[in-house]
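Take a look at the letters that make up each chain.
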Amino acid sequence: MSMGRTLAGKILARAAGRTAVEEGELVTCRVDLVMLHDSGGPRRVAPILERLGVRPWDPSRIVLVSDHYAPAVDAESARILDLTRRWGREHGVARHYDMVGICHIVLAEHGHVRPGMFVVGGDSHTPTAGAFGAFAMGVGASEMAAVLATGEIWLEVPQTLRIVLDGVPGRAVVAKDVMLALCRRLGLGGADYRVVEYAGPGLAAFDLDERLTLANMAAELGGITGLIEPDARTAAFLGALGMELAPEELARWRSDPDAPLASELRLDLAELAPQVAAPHSPAEAAPVEEVEPAPIDQAYLGACTGAKLADLRMAARVLRGRRVAERTRLLVAPASARVWREATVDGTLATLVEAGAILLPSGCGACAGYGAGLLAEGETCIASTARNFKGRMGAASARVYLASPYTVAASAIAGRICDPRPLLAEPVGSVAEEVRGG
Amino acid sequence: MAEIEGTAHVLGDAVDTDLLAPGAHMKGSIEELARHCLEAIDPDFVQRVRPGDLLVAGSRFGIGSSREQAAQALRLLGIQAVVARSFAGIFYRNALNNGLLAVVCPDHEGIEAGDRLRLDPMAGRLLHLPSGRSFACRPLPGHLLAMVEAGGLVPWLERRFRAAGRGPRT
């Protein structure tokens, strides 16, 4: 009998105060960190907590982020942001990131997540934090209110689906391509609420920015969380934020070699082409050369999975010295204030603007259909976001394609869906090395 | 929870949260949001649906966002239960937590819109009244059905807190 434990099982056992848990067992876990945002957060949980007559069990474990309605576009969104601020103050939530970026990116860049943590967030892309080796699940507002009231949540210990990445990615092939290809292979929601654990030698090509994309889009696979074992890169990233990661921690938060897996799926990065997902599902992905070169009205670099520093640098490599096509608009919403600052300092934003990009505020914006940059009836968009559901980014008849920042940028230049590889003169190595100055 | 009976609406696979609760209407009230439920794929759905109706769907119903308004909108429109081949994980929790019955039924071949159905969530059985065929569902345990019957997690917690002597501070 296998005695090994998965990384997810180890985290949940710790959070449940147990030495070990079995897959399929129902356990109640203590929550290490709660993430709330302005849409599903205070405006929805506060009335429930009032009704129950309780206050958050531990404000020091809460991170509050205003990103969905930021900046306000009308009186109603302004009211929601105001309510969020007031609630944070009234409940002693010291960590309120008010209009400085998208929640999942803010959590990462401010060092709120470390390996082994059990995180519950009021957003389906909460699994993003799994890039650090944390178990991070999204819940709805009622459940969040219960978590805030008790500090606990029950769950069935999920099985683990392991994605093993082999090989070295070719030119212009990045984490977004991996995820779109996996959506195609497994189907939208195909992980069926299992843990999606990424492993294998291919992970070496991906720095933390890219790993955030892998973990983030575990949501599109329907995983309860994405998970990546922490390694030297994780330690370096957290170390730069002043968080020491002890060798014991690195050794502890790993899956055992004989851990029970629901299944294992291998993906050879060397054989992967840039992917484009057709409307209206990430699972409609295909290699870019097989996709009709549809004319593009709008190209969009944004969202928690498509506008990090690494993403903007990818776009800049393609756009440097070129112009966005005449009948196409390129909108760019950097994922956070920090990304905005870093991309300003290193000249990335200037490159984008010189190519004709229009800069938008940091926030969830057009991706979720809340903010600026929405689509008219019949328009076509290519976006570096995670979801292209019908009607999500504006009009119901709008068509949204998903692709990597490379492919989005190339398509903006061509004015139609375009393979970025010919536009990149030299082979693209690890974006990671450039991004983290490694 | 007793058996329920209702008229079927039939949907396909991967009906996502953005179809159930479109982002453009998320700022407003749940009543306003519910008026736009499923409009991107079925503009007449809200006009057609009647209190007590049942939704019969394919796999991974409710994939996408964690917004529980997706479940609340269906409940507000009077949907008694969603019977699907499978559910997306977050939606499944949200549905039960918001008093919307969500029942997994791996095979429900042959059910058409307008058909009358009888559902026994505790026994895990869906009866197709026109044909008399019975489909096996995953039974829901009594404690979860009690929570659904109470109206969801919040009223359920409220009742428990009250029973334990905790209540709204004055």
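Residues numbered from 1 in each chain as written. Chains lettered and ligands numbered in written order. Predicted model: local features only at pLDDT ≥ 70, side-chain atom pairs only at ≥ 80, totals over all residues. Heavy atoms only, no water.

S.K.: Can you tell me about the overall build of chain B, naming the residues and giving the values?
M.R.: Per the secondary structure count, chain B includes seven helices and seven strands. The globule rule puts the C-alpha radius of gyration for 170 residues at 15 Å, and the 16 Å found for chain B is close to it. Principal axes of the C-alpha set define a box for chain B whose edges measure 55 × 40 × 25 Å. The buried share of chain B, reckoned over its 170 residues, is 59%. Long-range pairs, those at least 24 residues apart, make up 64% of the contacts in chain B between residues at least 6 apart in sequence. Within the structure as shown, chain B displays about 7,000 Å² of accessible surface, and the carbon and sulfur contribution to it stands at 50%. The averaged location of the 19 negative side-chain charges in chain B is 9 Å from the averaged location of its 19 positive side-chain charges. (Helix = DSSP H or I, 4+ residues; strand = E, 2+ residues; numbered from the N terminus. Rg over C-alpha atoms; globule rule 2.2 N^0.38 Å. Buried < 20%, exposed > 50% of the residue type's maximum accessible area, 1.4 Å probe, protein only. Contact = heavy atoms within 4.5 Å. Areas by Shrake-Rupley, 256 points an atom, 1.4 Å probe, with all protein chains shown as cover. Lys, Arg positive; Asp, Glu negative; His and termini not counted. Charge placed at Lys NZ, Arg CZ, Asp CG, Glu CD.)

S.K.: How would you sum up the interface of chain B and chain A? Please name residues and give values.
M.R.: Counting residues at the interface gives 36 residues for chain B, matched by 47 residues for chain A. Together chain B and chain A conceal approximately 3,300 Å² of surface at their shared face, both sides included; 53% is due to carbon and sulfur atoms. The tally of links from chain B across to chain A stands at six salt bridges. Taking the shortest distance from any N to any O, the salt bridge between Arg 60 of chain B and Asp 192 of chain A comes out at 3.3 Å. At the surface where chain B touches chain A, the tally comes to 19 residue pairs in polar contact (both at pLDDT 80 or more). Residues belonging to the side of chain B that touches chain A are distributed by class as follows: 14 nonpolar, twelve polar and ten charged. (Buried area = accessible area lost by both parts, 1.4 Å probe. Salt bridge = Lys/Arg side-chain N within 4 Å of Asp/Glu carboxyl O. Polar contact = N/O pair within 3.5 Å; in protein donor to acceptor, adjacent residues only side chain to side chain. Nonpolar A, V, L, I, M, F, W, Y, C, P; charged D, E, K, R; others polar.)

S.K.: Outline the sheet that holds strand S9 (residues 195-199) of chain A, supporting the account with residue identities and numerical values.
M.R.: By way of backbone hydrogen bonds, the strands of a sheet pair with one another, either parallel or antiparallel. All names here are of chain A. Read across the open sheet, the four strands follow the order S10-S9-S8-S11; overall the sheet is parallel. On the outer flanks of this sheet lie strand S10 (225-228) and strand S11 (263-268), each paired with one strand and no other. Averaged over all pairs of adjacent strands, the angle between their axes in this sheet comes to 25°, without regard to strand direction. In this structure, strand S8 (residues 160-166) lies alongside S9, joined through five bridges in parallel fashion. Bridge assignment links Val 164 to a residue of S9, and that residue is Ala 199. Sitting on the sheet, helix H6 (residues 175-186) touches S8, S9 and S11, and the angle it makes with S11 is about 130°. The strands touched by helix H7 (residues 208-216) are S8, S9 and S10; relative to S10, the strand with the most contacts, the crossing angle is about 145°. (Pairing = 2+ DSSP bridges. Axes fitted to C-alpha atoms, helices over the stretch in contact; angles between N-to-C directions.)

S.K.: So, helix H11 (residues 337-345) of chain A: which residues are in play, and what are the values?
M.R.: Taking the backbone nitrogen of Arg 338 of chain A as reference, a side-chain oxygen 3.3 Å away marks Ser 336 of chain A as the first, capping residue of H11 of chain A. Phi turns positive, to about 85°, at Gly 347 of chain A, one or two residues after H11 of chain A.

S.K.: Quick one: what's the story with the domain arrangement of chain A, residue by residue and with numbers?
M.R.: Residue and element names in this part refer to chain A. With domains assigned, chain A is organised as domain 1 (7-269) and domain 2 (277-435). Placing the centre of domain 1 and that of domain 2 at their C-alpha centroids yields a distance of 24 Å. Contact with domain 1, which involves 39 residues of that partner, is made by 44 residues of domain 2. Carbon and sulfur atoms make up 61% of the area that domain 1 and domain 2 hide from each other, which totals about 3,400 Å². Among the residues domain 1 hides against domain 2, the three largest losses belong to Ile 102, Arg 171 and Lys 176. Together they make up 20% of the total. Scanning the region where domain 1 abuts domain 2 turns up one salt bridge. In this structure, the salt-bridge partner of Arg 387 is Glu 220, at a minimum N-O distance of 2.6 Å. (Domains from an automatic or database assignment.)

S.K.: Help me get a handle on the pattern of salt bridges, residues and values and all.
M.R.: All names here are of chain A. One pass over the full model with this rule turns up 37 salt bridges over all chains. Across the pair Glu 379 and Arg 329 runs a salt bridge whose closest N-O atoms are separated by 2.8 Å. Residue Glu 379 is located in the loop between strand S16 (358-359) and strand S17 (380-383), and its partner Arg 329 is located in strand S15 (residues 329-332); the two are separated by 50 residues in the primary sequence. Since its relative accessible area comes to 27%, Arg 329 is described here as partly exposed.

S.K.: Run through the pairing of strand S1 (residues 4-10) of chain B, naming residues and quoting values.
M.R.: Residues and elements named next belong to chain B. In this sheet, strand S5 (residues 116-120) lies alongside S1 in antiparallel orientation, the contact comprising four bridges. What sits directly across from Gly 6, in S5, is Leu 117. With three bridges joining them, S1 and strand S2 (residues 54-57) adopt parallel strand pairing. Considered in S2, the bridge of Val 10 is made with Val 56.

S.K.: Describe the nonpolar core, with residues and values.
M.R.: Counting residues in hydrophobic clusters, the biggest one holds 104 residues, and the most contacted among them are Phe 118 and Phe 135 of chain A together with Phe 61, Leu 74 and Phe 91 of chain B. In terms of residue count, helix H5 (residues 141-150) of chain A provides more of this core than any other element does, seven residues in total. Those residues in contact with Leu 74 of chain B that lie beyond four places of it in its chain are Leu 20, Cys 37, Leu 55, Phe 61, Ile 79, Val 82, Phe 91 and Leu 100 of chain B. (Core = buried A, V, L, I, M, F, W, Y, C linked by side-chain atoms within 4.5 Å.)

S.K.: Requested: an account of the packing of H6 of chain A against H7 of chain A, with residues and values cited.
M.R.: Residues and elements named next belong to chain A. H7 packs onto H6 with a crossing angle of 15° between their chain directions and a minimal axis gap of 8 Å. Looking at the two axes, H6 sits roughly parallel to H7. At the point where H6 passes H7, the crossing takes the right-handed sense. Contact residues: Ala 175, Lys 176, Val 178 and Met 179 in H6; Glu 210, Thr 213 and Leu 214 in H7. Its residues assigned to classes, the contact of H6 with H7 shows four nonpolar, one polar and two charged. (Parallel < 35°, antiparallel > 145°, perpendicular 65-115°, else oblique. Left-handed = near helix turned anticlockwise from the far one by under 90°.)

S.K.: Talk me through the state of the cysteines; I want residue IDs and the actual numbers.
M.R.: Summed over all chains, the structure comprises zero disulfides over all chains. Cys 304 of chain A takes part in no disulfide bond, and the closest cysteine sulfur, belonging to Cys 367 of chain A, lies 6.4 Å away. (Disulfide = S-S within 2.5 Å.)

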